[in-house]
Number of protein chains: 2
Amino acid sequence: MSRIVALEVSDVRFPTSRELDGSDAMNPDPDYSAAYLVLRTDEGPDGHGFVFTIGRGNDVQCAAIELLAPHVVGRDVEKLCADLGGLSRELVSDSQLRWLGPEKGVMHMAVGAVVNAAWDLAAKRAGMPVWRLLASLTPEQIVELVDWRYLTDALTPDEALEILRAAEPGRSERLQRLEREGYPGYTTSPGWLGYDDAKLARLATEAVAEGFDLIKLKVGAALDDDVRRLGVARAAVGPDVRIAIDANQRFDVDTAIPWLRRLREFNPWWIEEPTSPDDVLGHAAIRNAVAPMRVATGEHVQNRVMFKQLLQAGAIDILQIDATRVGGVNENVAILLLAAKFGVPVCPHAGGVGLCELVQHLAMFDYVAVSGALDGRAIEYVDHLHEHFSTPVRIRDGRYQVPIDPGSGAEMLADSRQRFAYPAGEVWRGGS
Amino acid sequence: MSRIVALEVSDVRFPTSRELDGSDAMNPDPDYSAAYLVLRTDEGPDGHGFVFTIGRGNDVQCAAIELLAPHVVGRDVEKLCADLGGLSRELVSDSQLRWLGPEKGVMHMAVGAVVNAAWDLAAKRAGMPVWRLLASLTPEQIVELVDWRYLTDALTPDEALEILRAAEPGRSERLQRLEREGYPGYTTSPGWLGYDDAKLARLATEAVAEGFDLIKLKVGAALDDDVRRLGVARAAVGPDVRIAIDANQRFDVDTAIPWLRRLREFNPWWIEEPTSPDDVLGHAAIRNAVAPMRVATGEHVQNRVMFKQLLQAGAIDILQIDATRVGGVNENVAILLLAAKFGVPVCPHAGGVGLCELVQHLAMFDYVAVSGALDGRAIEYVDHLHEHFSTPVRIRDGRYQVPIDPGSGAEMLADSRQRFAYPAGEVWRGGS
């Protein structure tokens, strides 16, 4: 019998601010970081997980993860892995810790990291990547993963079962198609605000050459710059490649509307995060005013209750899940089910460090077992920091190739965790 | 010239779970705690502030507060106190730390505690209690306190100026009335779920004898118990004393509606937190279905963007601010202005440890300078732990008497901070 013998946490930070990779209108100087944990077992594989942050505060995020150790250390691994829905509900329901959210921010992301580490462990024990483990579950088992609290006015367990049963017949066909063709990706690599026009044009051209038919540009700092940069990008890629834009929460509702109408001439595929991720009604107002431009959000949306409302209010055309913002795989399964109910396509947020590695599993599970659809869907791709992971994503012709190694993709190379450890790792000891 | 020389943090916890004080349907065993900070100056008074939590995780909340030290340590006290709006906006805008919310949960509460400590400092230097300092500001100065980002579709600075100017003529009259008569309070002391019927009846009767005409009962664990307990309370206080009920987020929308309709026979004054604090649309649906029962929420509402939507959606009859959940005095000023714009009365959440001491200042400022109204308003009162504060609240005939000492009310006695320090204080060394 295997037990969890420790929850080990480490603060890992990459000095990305030195190069302005990842700069946008709200985040000028991020140091991509992971509040990283290992569920150490006494026998068999360990489970890895993390929260993505952008630098300062990664230590506090680590401390929040450590608070959850009493819930997992000492537990029987087999039983834990057999009831990941129960684990997820237990962690969210620790009433003293729940007060620090509830179900949002540092404490909720900590829950998500532990839940994700448990999924990594379960998938490694099953000898499967997480997407395939998820896609092997029955509709009843999938429904059991979800914490239904606060969801039932929009989606009941019975409705979820119907959705999942309706998708059952085509599962194996879609799985084979995924293995053959991969899952569509799109790239944000050309579009960071810190890049000059020449670099933007060069990277946009390269992205198309690599097979991407959707790229994304950061906007929202200055309207004239946005007009110019969208012009540069459009000239570089031609009329047929889709260009999404991302304001990273920069606007008030009444600022967003004229600004985005001005940018409509470039035919943006979607506008992402036009305002506060908390503003359901604001997103709905913007969507009404800038149609037919699509509205997308989700990377900072705190939990399933907010996603539920974004869908109920008709506030978004595209739902962007994030692997480490909410309470882990289980809450993301709930969100995928909500999106399917409302017929809204999911285009996962990724990038950062390790987010591509994690979130691809959710998108692929969605295709095989939930929505059954690929149209209008794509997973964000940014070509940063993949070399630090033991099973990095594989992109071919602008498409994510299916993960084949067991686990969730979260495992970072031990050597990287050591070199980029903050503040003691060699990268940081030299000064920054 | 005085400077801030240190931001000192301490983890203070009261073992309230030993007595079941504070037990409700979601929080069965809270240990009321304060993540406490002192802005230490080299000359003149210091500034005190805290975040209220219910136990585990108070250490993480302390660590989050410490992250903000670089923003304040070394600063000129006079300049800092002269631009508290600027301080508030600076703390919220630290982009790396903002990622951990944004503007919600542990990191946002940390911002609020530092902002509140700066208000304590400013008020002590001015020789005034915070409510009076706020009420001495011009409409222009009050508008300058607010971070307007994400608010302007519901309330513009110009509209806020109009509201504040309209309230100017009566300020001194209302201030004098407050000094004479105090501000209405209501009490939750009788109604904790952990108390038996006899204790509930006794405490309810005592509350009325003490002058309260509004009491509150916890509900939501079991419908039969709620019916019985409401019957006991109604019998104890008679038909004229108002009884509010509080479900502490226990229900789904579709569970709440029949449950609350069943309780309407007892004529509850309001239902508080019927569901997730994040569920704007859910509150609106419940309010429509249980009218004329009033719907109240706010103690767990994370920021001004959520309050804006609760008001825009017509989701609440009563708005409950909390002194340490949002980004401090400044964000609460924004919320008071929003409530005034939408004509919704504010009944502050209090209790916990020190929340009564803090939040009374905001309610009194609202009466003097913002809404100008007392009708339908009352500040929650719980008779716990006041003895640990250097300027405890004074209640007479069920009314809060105006604070007269300089500061915000946050300062806890040094002896209490030492005895209840976690885990080293004498109260905790004894075990449990």
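As the structure is a prediction and not an experimental result, all values here were calculated from the model. (Residues numbered from 1 in each chain as written. Chains lettered and ligands numbered in written order. Predicted model: local features only at pLDDT ≥ 70, side-chain atom pairs only at ≥ 80, totals over all residues. Heavy atoms only, no water.)

(A) Looking closely at the interface of chain A and chain B. Facing the 61 residues of chain A at the interface are 61 residues of chain B. Carbon and sulfur atoms supply 53% of the area buried between chain A and chain B, which totals about 5,200 Å² over both sides. Contact with chain B buries area across many residues of chain A, yet Arg56, Gln96 and Trp99 of chain A alone supply 18% of it, more than any other trio. At the junction of chain A with chain B, the criterion picks out six salt bridges. Salt-bridge contacts for Asp279 of chain B lead to Lys308 of chain A; the nearest nitrogen and oxygen are separated by 2.5 Å. Elements that contribute at least two residues to the side of chain A that touches chain B include exactly strand S3 (47-53), helix H1 (58-66), helix H5 (95-98), helix H6 (105-126), helix H13 (253-263), helix H14 (280-290) and helix H15 (304-312) of chain A. Broken down by class, the residue content of the side of chain A that touches chain B amounts to 26 nonpolar, 18 polar and 17 charged. (Contact = heavy atoms within 4.5 Å. Buried area = accessible area lost by both parts, 1.4 Å probe. Salt bridge = Lys/Arg side-chain N within 4 Å of Asp/Glu carboxyl O. Helix = DSSP H or I, 4+ residues; strand = E, 2+ residues; numbered from the N terminus. Nonpolar A, V, L, I, M, F, W, Y, C, P; charged D, E, K, R; others polar.)

(B) Seen up close, the pattern of salt bridges. Residue and element names in this part refer to chain A. Under the counting rule described, the total for this entry stands at 62 salt bridges over all chains. Arg13 serves as the salt-bridge partner of Asp11, at 2.9 Å between the closest nitrogen and oxygen. Residue Asp11 shares its accessibility class with Arg13, and that shared class is buried. Each member of the salt-bridge network shares a partner with another, and the members are Lys216, Lys218, Asp246, Glu272 and Glu380. (Buried < 20%, exposed > 50% of the residue type's maximum accessible area, 1.4 Å probe, protein only.)

(C) Here's a closer look at the domain arrangement of chain A. Residue and element names in this part refer to chain A. When cut into domains, chain A gives domain 1 (4-137 + 417-429) and domain 2 (171-413). The gap between the C-alpha centroids of domain 1 and domain 2 is 22 Å. Between domain 1 and domain 2, the contact holds 48 residues from the first and 55 residues from the second. Here domain 1 and domain 2 share an interface that buries about 4,100 Å² over both sides, 61% of which is from carbon and sulfur atoms. Three residues stand out in domain 1 for area buried against domain 2, namely Ala25, Phe50 and Trp131, and they jointly supply 18% of the buried area on that side. Inspection of the domain 1/domain 2 interface yields three salt bridges. Measuring nitrogen to oxygen at the nearest pair gives 2.5 Å for the salt bridge that ties Glu103 to Arg304. Across the contact surface, domain 1 and domain 2 share 23 residue pairs in polar contact (both at pLDDT 80 or more). Secondary-structure elements contributing two or more residues to the side of domain 1 that touches domain 2 are strand S2 (33-41), S3, helix H4 (84-92), H6, helix H7 (130-135) and helix H18 (414-419). The residue inventory of the side of domain 1 that touches domain 2, partitioned by class, reads 25 nonpolar, 14 polar and nine charged. (Domains from an automatic or database assignment. Polar contact = N/O pair within 3.5 Å; in protein donor to acceptor, adjacent residues only side chain to side chain.)

(D) Representation of the sheet that holds strand S1 (residues 4-13) of chain A in the model. All names here are of chain A. The antiparallel open sheet is built from three strands, whose spatial order is S1-S2-S3. Since the sheet does not close on itself, it has two edges, and those belong to S1 and S3, each with one partner. Taking the axes of each pair of neighbouring strands and ignoring which way they run, one obtains an average angle of 15° across the sheet. Sheet topology places S1 next to S2; nine bridges connect them, and they run antiparallel. Directly across from Ala6, in S2, lies its bridge partner Arg40. Here H1 sits on the sheet and contacts S1, S2 and S3; the angle it forms with S1, its principal contact strand, is near 170°. Packing of H6 onto the sheet brings it into contact with S1, S2 and S3, and relative to S3 it is tilted by some 150°. (Pairing = 2+ DSSP bridges. Axes fitted to C-alpha atoms, helices over the stretch in contact; angles between N-to-C directions.)

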